[in-house]
Amino acid sequence: RDARGNWHTYFGNDPNFGNVFGIAADAQGGIWFGTNRSGLRRYINNTWETIDVAHNAVLSDIVMDVESDKFGRIWIATPNGVAYTTDFGQTWETHSTMDTLDIEFGCSTCFYDEDHVWFALKDQGIGHVRIPPVNPIVEFVSVPELVHLRPHPERLLVTAFQGALDAGRHLE
């Protein structure tokens, strides 16, 4: 509704647009709309962007749900699986290839926090996993000495110990 109380409609006369099944907001102030025929539409700065199979390599032009996670990534549920974008639709990372109808994240007051994502799977029940972190997980193949890992907001601090009395040195 505008300041005068008038409603505005978009794509009402476009037969290729279809129906909207999911709506989510992103960190830049954009609003994402998942449709059952024309992929995603993003409204930002009074302009519309189209994100579809032909132009953005998104999994499907049938988007059953759109959600935003705590890291600001946009997630989509499609018949071809679940994917997310970290760059506002320029590229997509496939998370699952299962036909997915809906996505929901936990919340800070829920039994499962926002590090968890739930999926309504077509004809296969419900799925649940922890969401992948923004930064890749570091895997140590071999460690030549005892190490202590400490969390830090921006990086993982690794303290290497050479002996019981050594305070250690920090590796970042």
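Residues numbered from 1 in each chain as written. Predicted model: local features only at pLDDT ≥ 70, side-chain atom pairs only at ≥ 80, totals over all residues. Heavy atoms only, no water.

S.K.: Can you walk me through a nonpolar patch on the surface in this structure?
M.R.: A surface patch of nonpolar side chains, about 490 Å² in accessible area, is lined by Phe-111, Tyr-112, Trp-118 and Ile-126. Positionally, Ile-126 belongs in strand 11 (residues 125-130). (Patch = residues over 30% accessible without salt bridge, like charges linked within 9 Å, V, L, I, M, F, W, Y side chains within 5 Å. Areas by Shrake-Rupley, 256 points an atom, 1.4 Å probe, with all protein chains shown as cover. Salt bridge = Lys/Arg side-chain N within 4 Å of Asp/Glu carboxyl O. Helix = DSSP H or I, 4+ residues; strand = E, 2+ residues; numbered from the N terminus.)

S.K.: Would you explain the nonpolar core in this entry?
M.R.: Most often, soluble globular proteins have nonpolar side chains that are buried together. Core analysis: the biggest nonpolar cluster contains 11 residues, these being Ala-24, Trp-32, Leu-40, Ile-51, Val-58, Val-63, Val-66, Ile-74, Ile-76, Ala-83 and Trp-92. Not counting residues up to four positions away in its chain, the partners in contact with Trp-92 are Trp-32, Leu-40, Ile-51, Asn-56, Ala-57, Val-58, Ile-74, Ile-76, Ala-83, Tyr-84 and Thr-85. Ala-77, Phe-105, Phe-119 and Leu-121 belong to the second largest nonpolar core, which has 10 residues in total. (Core = buried A, V, L, I, M, F, W, Y, C linked by side-chain atoms within 4.5 Å. Buried < 20%, exposed > 50% of the residue type's maximum accessible area, 1.4 Å probe, protein only. Contact = heavy atoms within 4.5 Å.)

S.K.: Explain the environment of Trp-75 to me, please; I cannot follow it from the model alone.
M.R.: Take Trp-75: it is sitting in strand 6 (residues 74-78). Of the residues examined, Trp-75 reaches a relative accessible area of 0% and is grouped as buried. Along the sequence, Trp-75 and Glu-104 sit 29 residues apart, while their C-alpha atoms lie 9.8 Å from each other. Sequence-distant contacts of Trp-75, defined by excluding residues within four places in its chain, comprise Asp-65, Val-66, Glu-67, Asp-69, Val-82, Ala-83, Tyr-84, His-95, Ile-103, Phe-105, Ile-131 and Pro-132.

S.K.: Sorry, what's going on with the environment of Pro-79 here?
M.R.: Tracing the backbone through its elements, the reader meets Pro-79 in the loop between strand 6 and strand 7 (81-85). Taking the relative accessible area as the measure of exposure, Pro-79 reaches 29% and is therefore partly exposed. Every residue in contact with Pro-79, bar those within four places of it in the chain, is listed here: Ser-60, Ile-62, Met-98 and Asp-99.

S.K.: Any chance you could explain the packing of aromatic side chains here in plain terms?
M.R.: Within a pair of aromatic rings, the relevant descriptors are the distance that separates the centres and the angle that separates the planes. In the structure shown here, the tally under the stated rule is 8 aromatic pairs. Measuring from centroid to centroid gives 5.6 Å for Trp-75 and Phe-105, while their planes differ by 75 degrees, and the two rings are edge-to-face. Of this pair, Trp-75 sits in strand 6 while Phe-105 sits in strand 9 (residues 100-105), and the two are 30 residues apart along the sequence. The pair Trp-75 / Phe-105 is uniform in exposure class, with both members buried. (Phe/Tyr/Trp six-rings, centres within 6.5 Å; stacked < 30°, edge-to-face > 60°.)

S.K.: Would you explain the confidence of the model for the chain in this entry?
M.R.: Per-chain confidence: the chain averages 79 in pLDDT, with 76% of residues scoring 70 or above. This model gives residues 137-141 a pLDDT under 50, and the stretch forms 2 contacts once residues within four places in sequence are excluded. pLDDT under 50 marks residues 155-172. Its contacts with residues more than four places away, or in other chains, come to 41 contacts. (pLDDT = per-residue confidence, 0-100.)

S.K.: How should unusual backbone geometry be read in this particular structure?
M.R.: Residues apart from glycine generally show negative phi values, whereas peptide bonds are mostly found in trans. Of note in this structure, Asn-46 is not a glycine but carries a positive phi near 60 degrees. Examined against the element boundaries, Asn-46 turns out to sit in the loop between strand 3 (40-44) and strand 4 (47-51). In this structure, Asp-123 takes a positive phi of about 60 degrees despite not being glycine. Within the secondary structure layout, Asp-123 lies in the loop between strand 10 (116-121) and strand 11.

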